[in-house]
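Commentary on secondary and tertiary structure
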Amino acid sequence: MEAWGAISLLVALGLALGSFGATTAWRLKNEVDLLPPSTCEGCGHRISPVGLFPVLGFLLLQGRCPHCGYQIPKVYPLLEATNGLLGLSLGLWLGPGPEAVQLLVLFDGLALLSWLDFSTGQVYTLPVVTLVLLQALWYGFFDSGSLADGLIGLLAGAGLFHWTATLFLALRGKEGLGSGDASLLGLLGFVFGWQSLLGLVFLSAGLGIVLGGGWLWLKKGSLTAQIPFGPFLGLAAVLYRLAPALWRSLFHF
Ligand SMILES: [Zn+2]
């Protein structure tokens, strides 16, 4: 029974982070101040405490602002519910401990970064730096033995991408990979350790070729079109974390 209590807390955290993440992503993209309380997108009225409740608020307000009748986009409660399910899955998989919280925050951060990269073509620095700081706290409190691997991963990850980008530039005569991707791979190297880097690079490149290539083919885009790489790195991080031993053995670490 105690485990279920803790898992419910993880689900609640997932719902709350889903709501926070969606708001933060929207504000970063629209260059709106991050701190003030949420307001209705229709009339600017401050959202009531009931409306701030993930999913439940949407249902109680029947999907409308009580002041102006503005229809709240259904994507918000859907994102919140999906994220609640993510909290549930992580709690069942890893047990409702600090590691499940760590992964929930990391996956949410990567989803936010991926969406921003996909819709604006930029890797935002603020979420990357926040995730690096949170991971530093994780090492400090729970896993100081892996800090050295993480620090090497942080430096090598950013460096590896820098050199790949330079090579790309030399071969094609134009910039293919942004410097934001370097900081993102540095972040992943910090979280999973330097041993993860080769696996992450191969995984994300593979995903980029299959999914990105398929997307370009569907849209009949040219091969020199800019595809944001952040979403593939984010997806690679999730796949990597599901079976780190498998990827390390594939790439001999
Ligand atoms: Zn309103």
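Parameters at a glance
Residues numbered from 1 in each chain as written. Predicted model: local features only at pLDDT ≥ 70, side-chain atom pairs only at ≥ 80, totals over all residues. Domains from an automatic or database assignment. Contact = placed C-beta atoms within 7 Å. Helix = DSSP H or I, 4+ residues; strand = E, 2+ residues; numbered from the N terminus. Core = buried A, V, L, I, M, F, W, Y, C linked by C-beta atoms within 7 Å. Buried ≥ 20, exposed ≤ 12 C-beta atoms within 10 Å, placed from the backbone. Expected span 1.5 Å × (residues − 1). Axes fitted to C-alpha atoms, helices over the stretch in contact; angles between N-to-C directions. Parallel < 35°, antiparallel > 145°, perpendicular 65-115°, else oblique. Left-handed = near helix turned anticlockwise from the far one by under 90°. Nonpolar A, V, L, I, M, F, W, Y, C, P; charged D, E, K, R; others polar.

Side note on the domain arrangement of the chain
- By the assigned domains, the chain splits into domain 1 (1–95) and domain 2 (97–253).
- Each of domain 1 and domain 2 was reduced to a C-alpha centroid, and the two centroids are 26 Å apart.
- Each partner contributes to the interface: domain 1 provides 16 residues, whereas domain 2 provides 16 residues.
- Among the elements of the structure, α1 (2–29) and α4 (75–94) are those that each provide at least two residues to the side of domain 1 that touches domain 2.
- Sort the elements by how many residues they give to the side of domain 1 that touches domain 2 and α1 lands first, with nine residues.

Quick look at the nonpolar core
- Formed by 44 residues in total, the largest nonpolar core has its most connected members in L104, L185, L188, L200 and L233.
- Mapped onto this core, the elements with two or more residues apiece are α1, α4, α5 (98–120), α7 (147–172), α8 (179–192), α9 (197–219) and α10 (230–242).
- Per-element accounting of this core gives the leading share, 11 residues, to α5.
- Shared between two domains, this core takes at least three residues from each, and those domains are domain 1 (1–95) and domain 2 (97–253).

Quick word on α9
- Taking 1.5 Å per residue as the helical rise, α9 with its 23 residues ought to reach 33 Å, and the 31 Å between its terminal C-alpha atoms agrees with that figure.
- Looking only at α9, the buried set comprises L197, G199, L200, L203 and S204.
- After α9 finishes, the residue K220 shows a positive phi value of roughly 55°.

Examining unusual backbone geometry
- At E31, a position not held by glycine, the phi torsion is positive, near 50°.
- Counting through the fold element by element, E31 comes out in the loop between α1 and α2 (49–52).
- We classify E31 as exposed; it has 6 C-beta atoms within 10 Å.
- Here the phi dihedral of Q62 falls at roughly 50°; this positive angle occurs in a residue that is not glycine.
- Under the C-beta neighbour-count criterion, Q62 is labelled exposed, with 9 such atoms within 10 Å.

Describing the packing of α5 against α10
- For the pair α5 and α10, the least separation of the axes is 7 Å and the interaxial angle reads 160°. Judged by the inter-axis angle, α5 sits roughly antiparallel to α10. Crossing hand, α5 versus α10: left-handed. Each of L103, F107, L110, A111, L113, S114, D117 and F118 in α5 lies in contact with α10, whose residues at this interface are G230, P231, G234, A237, V238 and R241.
- For the contact of α5 with α10, the per-class residue count stands at nine nonpolar, three polar and two charged.

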